[in-house]
Amino acid sequence: MTVSSVVPHHVAIVMDGNGRWATKRFLPRLAGHKQGVDALRRCVRACIQRGVRVLTVFAFSSENWNRPADEVSGLMSLLATALGHEVPSLSKEGVQLHFVGERQGLSAKVAAGLVQAEQATAHNERLILNVCFNYGGRWDVAQAAAQLAARGEAITEASLNAAMALAHVPDPDLFIRTGGEHRISNFLLWQCAYSELFFSPSLWPDFDDAALDAALHDYASRERRFGKTSAQVQTTGASAMRA
Ligand code: IPE
Ligand code: IPE
Ligand code: MG
């Protein structure tokens with residue numbers, strides 16, 4: 001393996017560029033989304049091999065409902081198909097699946113499939129895979145605040161954090177966006193406060209092991225300061241800074 005020994009515990013990825021990948025080949029956009037599923041399967045495997053423990057991917061945003069109806073319904077069918085095809089092999093590889101996002105708006109069949117996949121993989125411990133589907137960073141903050149309000153609890157950083165949809169994992173260390181755009185597009189707004197950002201020019205279906213290694217290699221060269229000075233970090237060590 002070519003990457004440095006500093007492997008991020010949690011990697012988050014905005015899997016962008018499927019449509020452009022397809023359009024470049026005179027294919028319908030959905031063909032790009034299908035390739036995107038293959039790219040995700042490869043990426044999960046590569047992350048396991050490299051020692052990443054949590055992978056969080058953005059598959060469908062709250063705003064993606066505004067796309068043409070045939071693309072939206074194609075993406076819903078693709079999720080249903082991928083659930084059927086991918087879950088058994090992911091489970092065999094030790095992947096614990098979580099679907100993160102609003103369930104309302106999904107068909108009853110898809111919603112039931114998500115619960116089933118989560119239950120079937122709950123015992124796995126090699127890699128936690130969070131698939132953010134019908135997810136938005138603003139939705140997440142609002143739903144967490146609504147939970148606290150409903151319970152009459154005080155809103156603090158800690159109580160909000162515990163009510164967020166990704167409360168079961170630490171914040172992402174490395175935030176990757178493929179497809180060349182330099183924006184967050186309403187992904188993990190709360191959780192990426194101190195994530196290292198990496199923008200890959202690869203379109204998501206082309207995001208291979210070498211592209212992942214480029215991101216991991218760049219991450220390994222970063223100095224994470226969490227508000228402190230460089231001298232402080234070098235004395236105490238970056239990992240101690242997170243604790
Ligand atoms: C990302 O690829 C997948 C989804 C948003 C569902 P896009 O579909 O946004 O691809 P581009 O950005 O149009 O190339
Ligand atoms: C972000 O990509 C959402 C996902 C990858 C699921 P978009 O393609 O929707 O983002 P914008 O519209 O370019 O900002
Ligand atoms: Mg896009």
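Before reading on, note that the structure itself is shown above.
This structure is a prediction, so every number in the text was calculated from the model and none was measured.

1. Concerning the state of the cysteines
Considering all chains together, one arrives at zero disulfides under this definition. Summary of cysteine pairing: cysteine 47 is not part of a disulfide, and the nearest cysteine sulfur, belonging to cysteine 43, is at 4.2 Å. Here cysteine 132 stays free of any disulfide, with the sulfur of cysteine 192 as its closest cysteine sulfur at 12 Å. The exposure class of cysteine 132 is buried, given its relative accessible area of 0%.

2. Some words on the site of ligand 1
With respect to spatial proximity, the complete set of residues near ligand 1 consists of Met15, Asp16, Gly17, Asn18, Gly19, Arg20, Arg29, His33, Ala59, Asn64, Arg67 and Leu75. Here an oxygen atom of ligand 1 and a backbone polar atom of asparagine 18 are 3.1 Å apart. Protein coverage of the free-state accessible area of ligand 1, which is 380 Å², stands at 87%. Of all elements in the fold, only α1 (18-24) and α2 (29-50) reach the threshold of two or more residues within the shell around ligand 1. No other element matches α1, which puts three residues into the shell around ligand 1. Counted by class, the shell around ligand 1 contains three nonpolar, five polar and four charged residues.

3. With respect to the pairing of strand β1 (residues 10-14)
The buried count for β1 comes to five of five residues, which makes it a mostly enclosed element. Alternating residues of β1 divide into His10, Ala12 and Val14 and Val11 and Ile13, and every residue in both groups is buried. In this structure, β1 lies alongside strand β2 (residues 54-61), joined through five bridges in parallel fashion. Counterpart to alanine 12 in the pairing with β2 is threonine 56. As paired strands, β1 and strand β5 (residues 174-177) are joined by four bridges and run parallel to one another. Bridge pairing in β5 links valine 14 to arginine 177.

4. Remarks on the sheet that holds β5
In space, the six strands of this open sheet follow the order β3-β4-β2-β1-β5-β6, with parallel pairing throughout. Edge positions in the open sheet fall to β3 (95-100) and β6 (196-199), since each of these has one partner strand only. In this sheet, adjacent strand axes meet at a mean angle of 20° when their direction is disregarded. The strands that helix α7 (residues 209-220) touches are β5 and β6; relative to β5, the one it contacts most, it runs at about 140°.

5. So, the packing of α2 against α7
Axis separation between α2 and α7 bottoms out at 10 Å; the angle between their running directions is 50°. Between α2 and α7, the angle falls in the class oblique. The handedness of the crossing between α2 and α7 is right-handed. Where α2 abuts α7, its residues Arg42, Ala46, Cys47 and Arg50 lie against Asp209, Leu212, Asp213 and Leu216. When grouped by side-chain class, the residues that make up the contact of α2 with α7 number four nonpolar, no polar and four charged.

6. Here's the deal with the side chain of serine 195
Within the secondary structure, serine 195 sits in the loop between β5 and β6. By relative accessible area, serine 195 is classed as buried at 10%. Polar contacts involving the side chain of serine 195 include one to the main-chain carbonyl oxygen of proline 172, which spans 2.7 Å.

Rules behind the numbers
- Residues numbered from 1 in each chain as written.
- Chains lettered and ligands numbered in written order.
- Predicted model: local features only at pLDDT ≥ 70, side-chain atom pairs only at ≥ 80, totals over all residues.
- Heavy atoms only, no water.
- Disulfide = S-S within 2.5 Å.
- Buried < 20%, exposed > 50% of the residue type's maximum accessible area, 1.4 Å probe, protein only.
- Near = heavy atom within 4 Å.
- Polar contact = N/O pair within 3.5 Å; in protein donor to acceptor, adjacent residues only side chain to side chain.
- Areas by Shrake-Rupley, 256 points an atom, 1.4 Å probe, with all protein chains shown as cover.
- Helix = DSSP H or I, 4+ residues; strand = E, 2+ residues; numbered from the N terminus.
- Nonpolar A, V, L, I, M, F, W, Y, C, P; charged D, E, K, R; others polar.
- Pairing = 2+ DSSP bridges.
- Axes fitted to C-alpha atoms, helices over the stretch in contact; angles between N-to-C directions.
- Contact = heavy atoms within 4.5 Å.
- Parallel < 35°, antiparallel > 145°, perpendicular 65-115°, else oblique.
- Left-handed = near helix turned anticlockwise from the far one by under 90°.

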